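Geometric and topological summary
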Amino acid sequence: MLAQLVRAGLVTRTTASRLNRTVSQASARAEEERGRLPHLLFAIQAAIAEGLLVEGVHYAVPEEHRLALHLEKVIPELQRLGRISQHRREVRHLVRQGRQLWPEVILSCSARVRFRPGDRRRALVLAVPQLSELLGRHPAVPVR
């Protein structure tokens, strides 16, 4: 389409080349970010399976086949353990993008979830079977 605009004289070759390069770079960045969310979710799932994240503090299982994560507690813990290098803002950005890419996995980015009696917090809610399917592994997250 860009070539047709250049032939018609509506766009210069220089502008077309810059636009093509910009689109190519943006596409490469988006594809890279798309791969970082599964890596983050795998790190969380592995930390839960290893007992490094505590139920009621870092995560909750509000109902069968659902996992709620309190990112404000999970992110610093994973950083401390050396499992992730992203900052909170980067993780929140990845989660928002992931909600658009995989709505069947990320059910909610800010649902109110009860972690303990009298302790309701905003949480990221994931569907465990779809998460396992996305990561290509059997569920290592406790399912009730």
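Quantities reported herein were computed from a predicted structural model and do not represent experimental measurements. (Residues numbered from 1 in each chain as written. Predicted model: local features only at pLDDT ≥ 70, side-chain atom pairs only at ≥ 80, totals over all residues. Heavy atoms only, no water.)

**Looking at unusual backbone geometry**
What counts here: Helix and strand definitions follow DSSP, with helices as H or I runs of at least four residues and strands as E runs of at least two, each counted in order from the N terminus.
Its identity is not glycine, yet H65 carries a phi of approximately 65 degrees, on the positive side. You can see H65 is positioned in the loop between β1 (59-60) and β2 (66-69).

**Examining the packing of aromatic side chains**
As a reminder, the rule being used: Aromatic contacts are taken between Phe, Tyr and Trp rings whose centres are within 6.5 Å, Trp giving its six-membered ring; a plane angle under 30 degrees counts as stacked, one over 60 as edge-to-face, and the others as tilted. Both a distance and an angle decide whether a charge sits over a ring: NZ of Lys or CZ of Arg must be within 6 Å of the ring centre and within 35 degrees of the ring normal.
Applying the stated criterion across every chain, the model contains zero aromatic pairs. For R121, the ring lying beneath its charged end belongs to F115, and the centroid distance is 4.2 Å.

**What about the pattern of salt bridges?**
Oppositely charged side chains can form a pair if their charged atoms are brought close together. Threshold: Here a salt bridge means any side-chain nitrogen of Lys or Arg lying within 4 Å of a carboxyl oxygen belonging to Asp or Glu. The classification of residues rests on relative accessible area computed with a 1.4 Å probe and restricted to protein chains. Under 20% of the type maximum is buried, over 50% is exposed, and intermediate values are partly exposed.
Taken as a whole and judged by the stated rule, the model has six salt bridges. Taking the shortest distance from any N to any O, the salt bridge between R88 and E72 comes out at 3.0 Å. Here E72 lies in helix α3 (residues 71-81) and R88 lies in helix α4 (residues 88-101), a separation of 16 residues in the sequence. With a relative accessible area of 35%, R88 lands in the partly exposed category. With a closest N to O distance of 2.6 Å, R80 and E77 form a salt bridge. Remark: E77 and R80 occur in helix α3; sequence separation between them is three residues, near one turn of the helix.

Read these as geometric descriptors, not functional statements.
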